[in-house]
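Spelled out, the chains give:
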Amino acid sequence: LIQDRPLLISSLIDFAAEFHGDREIVTQTVEGPLHRCNYSDLQRRSKQAANALIAMGAQTGDRIATLAWNTYRHMELY
């Protein structure tokens, strides 16, 4: 194998949080202002979104769609 992690978005976020957790991510919101966070924040909020979906009954194999601008909010949902 070439890598020791599966190529999943969740694995990429976990890797970034582990090795670059304090690295700043800057995006512009649809409303205009800049939003700043880091990979540790992204990982925490992504896990919160996943847990919320599980609490609403989502299960492994379910398909969940998103429709959003390319901002931090959409990245968290990925």
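See the structure above.
Visitor: Now, about the pairing of strand E2 (residues 34-38): what can you tell me, with residues and values included?
Guide: As paired strands, strand E1 (residues 24-28) and E2 are joined by five bridges and run antiparallel to one another. Considered in E2, the bridge of Glu-24 is made with Asn-38. Counted along the chain from E1 to the antiparallel partner E2, the turn is five residues long, and its residue Gly-32 has a positive phi close to 125°.

Visitor: Give a description of the environment of Asn-38 that names residues and reports values.
Guide: Position of Asn-38 among the secondary structure elements: in strand E2. Within the structure, Asn-38 has its side chain in polar contact with the backbone nitrogen of Asp-41 (distance 2.8 Å).

Visitor: Report on the layout of surface pockets, specifying residues and quantitative values.
Guide: Of the pockets and cavities examined, the largest pocket occupies roughly 600 Å³. In this structure, the largest pocket is lined by 21 residues; those nearest its centre are Ser-46, Ala-50, Leu-53, Leu-77 and Tyr-78. Elements that contribute at least two residues to the lining of the largest pocket include exactly helix H1 (9-20), helix H2 (39-55) and helix H3 (72-77). The greatest single-element share of the lining of the largest pocket, amounting to seven residues, is contributed by H2. When the residues that make up the lining of the largest pocket are grouped by side-chain class, the tally is nine nonpolar, seven polar and five charged.

Calculation notes
Residues numbered from 1 in each chain as written. Predicted model: local features only at pLDDT ≥ 70, side-chain atom pairs only at ≥ 80, totals over all residues. Heavy atoms only, no water. Pairing = 2+ DSSP bridges. Helix = DSSP H or I, 4+ residues; strand = E, 2+ residues; numbered from the N terminus. Polar contact = N/O pair within 3.5 Å; in protein donor to acceptor, adjacent residues only side chain to side chain. 1 Å grid on protein atoms, 1.4 Å probe; cavity = no way out; pocket = protein on both sides within 12 Å on 5 of 7 lines; lining within 4 Å. Points joined across faces, edges and corners; volume = space filled by probe spheres on them. Nonpolar A, V, L, I, M, F, W, Y, C, P; charged D, E, K, R; others polar.

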